[in-house]
Amino acid sequence: MLSCLARPRIGRVASSIVRTRTKRPFSMKSFSSNSKIYIATAGLISTPGLWWLTATTDDVPCLESSPTEHLAPEPGPSKEDVTHLLSKEAYSFQVRSIAGVNRYDGAQLASNSPCEDRFLHGTLSSPWNENDQWMSWGVFDGHSGWQTADLLTKQLLLFVRRRLAETKPPSNNESVPNESVQRAIMKGFVDLDDSIIKTAQDTSKSKDSFQDKVKKLLPAYAGSCALLSLYDPITSTLHVACTGDSRAILGQRGPDGSWEAIPLSVDQSGSNEDEVARISKEHPGEENIAKNGRVLGLAVSRAFGDSLWKWPLDFQKEMKRKFNGPAPLTPRYDVHTPPYLTAEPVVTSTKIDPDKPSFLILATDGLWDHLSNKQGVDLIGNWLEPEPQGTGEKTIKPELRDRQFDYGRFWEDVNWKFVEERTTAQDDNAAVHLMRNSLGGNHHELIAGRLAFGPPFSRRVRDDITVQVVFFNVEK
């Protein structure tokens, strides 16, 4: 308030000084009165925001530069740059407090800006005994924005744990049946999605400010898959809940030393015949709901958010009018009886054998676009037990390595998916190891070329990738 009042006064004082100096002859009297004004003005000039009265230089940017500086763009990623890009979001934790879990690694590589994937990992108290600790890992693949995935990292475990706590053990000496655990997890998922969708409907009618309404609506406008795992060390049981097309695979070593790939989830998409049959049964008489591997244009058949596939059509139109939100699915698609999507997960429960080394791979589809389940498990198995020479390096064929590379090679003699001949083992982090090999392995020009693309162009060659690898009864 004071600074606002002071500025106009100073302007008047400054102008009066100019008039005084031009109209009056010099005298001791005028010097005495003027000196007081100068002194007072000097003190006021030193206050913040008045530097312009005395400043002789400025900080305006200079735009002159040598033309040659713009003729030599930065080169593409070097081998060191590739390692840095793959590893900068990586993490690794040794676990000593949870029986059966030795370590877990994670990594993330963005393609969108900002990255639409999110993840969580760590310990939580058992829903039935706060003195016992469980562990949880999860990856959330967002689409049409990051907001829904971000909300899941903050809320999903809370909703699931609340439902689990309501499921009481039969007695003090018995465990909660897996079927009861699975139902509780399913309810937690559905509760949260209902909250997202219904909160948005309530928000539109609330007395909140416009900007507050918009912020609350974003998790409903965007969408996200969810892959959440919960490990109970008391029963050595791993529960995995999947909504969408992120994927969980268990690698388990058999008696002969080989690693078996055991799927703990199945992709829920418009390409899954069981999912197409389920949706068709829920909406009898409606044709072409699932077409060309998509559900009314969306790749996944289960997801959080994605309100256009869940809200009534009239409400979609109302939200478009009030908030300039996404256009309704019509007339592009024939919408009659929403919701067409659900966030209800498929949940599996797997006993982790303490006598069998095993590991869990959780990853968004950005990884599985390039790897099969078996290839992912073999990569980690070989990473745990490298070849005798210790390099773990395959020899790429000279004709594939030495020829000049361009994008058309993807469709000729260079496979854009994982190829065993390009396998390399140079990373201490298992998740980074998977990402590197999925994107090109030891074919530097292929992997560096993919990483040279920045958003939005990078989405043509790779998706956001988030990976977690958990080791059970395995030392590394």
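The sections below set out a description of the structure shown in this document. Sequence positions are assigned chain by chain, starting from 1 and proceeding in written order. A pLDDT threshold of at least 70 governs which residues receive local features in this predicted model, and a stricter bar of 80 or more applies before side-chain atom pairs are shown or counted, although totals over entire chains, interfaces and linings include all residues. Excluding hydrogens and water, the side-chain values take into account all heavy atoms of the structure.

1. Quick look at the pattern of salt bridges
The criterion, for reference: Any Lys or Arg side-chain nitrogen located within 4 Å of an Asp or Glu carboxyl oxygen qualifies as a salt bridge. The numbering of helices and of strands both runs from the N terminus, where a helix is a DSSP run of H or I of at least 4 residues and a strand a run of E of at least 2. Only protein chains enter the area calculation, which uses a 1.4 Å probe; residues under 20% of their type maximum are buried, those over 50% are exposed, and those in between are partly exposed.
Applying the stated criterion across every chain yields a total of 16 salt bridges. R302 is the salt-bridge partner of E275, the closest N and O atoms lying 2.9 Å from each other. You can see E275 sitting in helix α7 (residues 273-282) and its partner R302 sitting in the loop between β11 (294-295) and β12 (304-305), a full 27 residues away along the chain. A single burial state applies to E275 and to R302, both of which are buried. Two residues, K322 and E318, come together in a salt bridge whose shortest N-O distance is 2.9 Å. Placement of the pair is K322 and E318 together in helix α8 (residues 313-323), with a separation of 4 residues, close to one helical turn. Given a relative accessible area of 40%, K322 falls into the partly exposed group. Each of E275, R278, E282 and R302 takes part in salt bridges that share partners, so that together they form one network.

2. Some details on unusual backbone geometry
A cis amide bond links P338 to the next residue, P339, at an omega of 10°. With respect to the helices and strands, the residue P339 is situated in the loop between α8 and β13 (346-351). Between P455 and the following residue, P456, the backbone shows a cis peptide bond with an omega angle of 5°. Mapped onto the secondary structure, P456 falls in the loop between α13 (444-452) and β15 (465-472). In this model, N288 sits at a positive phi of 65°, which is unusual for a non-glycine residue. Considering the arrangement of structural elements, one finds N288 in the loop between α7 and β10 (290-291). Unlike most non-glycine residues, N473 shows phi in positive territory, near 55°. In this structure, N473 sits in the segment after β15.

3. Regarding the environment of G381
This is how it is decided: A contact between two residues is defined here by any heavy atoms of the two lying within 4.5 Å.
For G381, the position within the fold is in helix α10 (residues 373-384). The spacing of G381 and S258 is 123 residues in sequence and 8.2 Å in space, taken between C-alpha atoms. When residues no more than four places from it in sequence are discounted, the contact partners of G381 are W259 and F359.

4. Comments concerning the side chain of Q268
Which entries qualify depends on this criterion: Here a polar contact is recorded for every N or O atom pair within 3.5 Å, except that within protein the pair must consist of a potential hydrogen donor and a potential acceptor, and residues adjacent in sequence are included only if both atoms are side-chain atoms.
By the element assignment, Q268 lies in the loop between β9 (259-263) and α7. Among the polar contacts listed, one links the side chain of Q268 to the backbone oxygen of C242, at a separation of 2.9 Å. Here G244 takes part through its backbone nitrogen, which lies 2.9 Å from a polar atom of the side chain of Q268. When sequence neighbours within four positions are dropped, the list of residues in contact with Q268 reads C242, T243, G244, D245, E275, V300, S301, R302 and V346.

5. Some details on helix α12 (residues 430-439)
Burial within α12 is extensive, with 10 of its 10 residues counted as buried. Looking at α12, one finds that the buried residues are A430, A431, V432, H433, L434, M435, R436, N437, S438 and L439. Where α12 begins, one side-chain oxygen reaches toward the backbone nitrogen of A431, 2.8 Å away; that side chain belongs to N429. Directly beyond the C-terminal end of α12, a positive phi value near 155° is found at G440.

6. Concerning the pairing of strand β8 (residues 247-253)
Note the following rule: Whether two strands pair comes down to DSSP finding at least two bridges between them.
The buried fraction of β8 is high, at 6 of 7 residues. Pairing analysis gives 6 bridges linking β8 to strand β14 (residues 358-363), with the strands arranged antiparallel. The residue of β14 that forms the bridge with A248 is L362. Bridge analysis of β8 against β9 gives 5 bridges, and the strand direction is antiparallel. Counted as the bridge partner of L250 is I262 from β9. The antiparallel hairpin formed by β8 and β9 contains 5 residues in its connecting segment, where G257 sits at a positive phi of about 90°.

7. Examining the nonpolar core
Under the convention used in this document: Within this scheme, the nonpolar core is defined by two criteria: the residues are buried Ala, Val, Leu, Ile, Met, Phe, Trp, Tyr or Cys, and they are joined through side-chain atoms within 4.5 Å.
Membership of the largest hydrophobic core comes to 33 residues, with the highest contact counts inside it found for L156, V160, L164, I185, F189, F304 and W311. Of all the secondary structure elements, the ones that give two or more residues to this core are β3 (117-125), β4 (133-143), α4 (147-165), α5 (178-205), α6 (210-221), β6 (226-232) and α8. The element that contributes the greatest number of residues to this core is α5, accounting for 8 residues. In this structure, F189 is in contact with L156, V160, A226, L228, A241, T243, F304, A343 and P345, ignoring residues within four places of it in sequence. Residues L109, I380, L384 and A430 belong to the second largest nonpolar core, which totals 32 residues.

8. Thoughts on the packing of α10 against α12
Just so we agree on the cut-off: Note on geometry: axes are lines fitted to C-alpha atoms, helical ones only across the stretch in contact, with angles between N-to-C directions running from 0 to 180 degrees. Orientation is classified from the angle alone, with under 35 degrees giving roughly parallel, over 145 giving roughly antiparallel, 65 to 115 giving roughly perpendicular, and any other angle giving oblique. What makes a crossing left-handed is the near helix being turned counterclockwise from the far one by less than a right angle; a clockwise turn instead makes it right-handed. Here the term charged refers only to Asp, Glu, Lys and Arg, the term nonpolar to Ala, Val, Leu, Ile, Met, Phe, Trp, Tyr, Cys and Pro, and the term polar to all other amino acids, Gly among them.
In contact at an axis separation of 10 Å, α10 and α12 are set at 125° when each is read in the N-to-C sense. Between α10 and α12, the interaxial angle falls into the category oblique. Handedness of the crossing formed by α10 with α12: right-handed. Counted together, G376, L379, I380 and W383 of α10 and A430, H433, L434 and N437 of α12 form the full contact between these two elements. Grouping the amino acids of the contact of α10 with α12 by side-chain chemistry returns 5 nonpolar, 3 polar and no charged.

Remember, this is a structural readout, not a statement about activity or role.
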